[in-house]
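Geometric and topological summary
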Amino acid sequence: LIAIGARDFQQAVGILDTLVADKPDFSSAWNYLGYALRKGGDLERSERAYRKALEIEPDHRGAHEYLGELYLETGRRAQAEALERSLARICQYGCPELDELRSALKARP
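Described in the following lines is the structure provided in the data block.

Here we come to the state of the cysteines. If you walk through the whole model with that rule in mind, you get one disulfide. Shown here is the disulfide that connects Cys 91 with Cys 95, its sulfur atoms set 2.1 Å apart. Between Cys 91 and Cys 95 the sulfur-sulfur dihedral comes to about 70°; the bridge is accordingly right-handed. Taken as a pair, Cys 91 and Cys 95 share a single burial class, namely buried.

The next subject is the nonpolar core. Side chains of a nonpolar character, in soluble globular proteins, are inclined to be buried together. The biggest cluster of nonpolar side chains holds 31 residues, and the ones touching the most others in it are Ile 4, Leu 33, Ala 36 and Leu 67. Elements with a contribution of two residues or more to this core: helix 2 (9-22), helix 3 (27-39), helix 4 (43-56), helix 5 (61-73), helix 6 (77-90) and helix 7 (96-107).

Each value, and the rule that gives it
- Here the residue index of a chain counts from 1 through its sequence in written order.
- Where totals are concerned, whole chains, interfaces and linings use all residues; where local detail is concerned, this predicted model gives features only for residues with pLDDT of at least 70, and gives and counts side-chain atom pairs only at 80 or more.
- Values reported for side chains reflect all heavy atoms of the structure, with hydrogen atoms and water molecules removed beforehand.
- Whenever a pair of cysteine sulfur atoms sits within 2.5 Å, that pair is classed as a disulfide.
- Only protein chains enter the accessibility calculation, which uses a 1.4 Å probe; a residue whose area is less than 20% of its type maximum is buried, one above 50% is exposed, and one in between is partly exposed.
- Within this scheme, the nonpolar core is defined by two criteria: the residues are buried Ala, Val, Leu, Ile, Met, Phe, Trp, Tyr or Cys, and they are joined through side-chain atoms within 4.5 Å.
- Secondary structure elements are defined from DSSP: runs of H or I of at least 4 residues count as helices, runs of E of at least 2 residues count as strands, and each element is numbered from the N terminus.

In structure tokens, the structure reads:
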């Protein structure tokens, strides 16, 4: 995750590819892989990684947020709004992921 913090998304993808190969049921690794891929510009593979994270852990807050942001980046606002509603259900008392997705939705009317 140091590579992500350093914005070295290519290195992060390499590390995370190895991690998900070793631990294919690690939802957070899939989520971080999706993030690194999205930030590196591979939106199709990023979406697949987020979906895998949600397949493993349907209530994964980070994957909901990041997939929602990807949907906004690719012009799929209705799908992003659906994820915001899902996060609102998951985070009944609020959570940073819900706040972030709501901010992204407001920034892209």
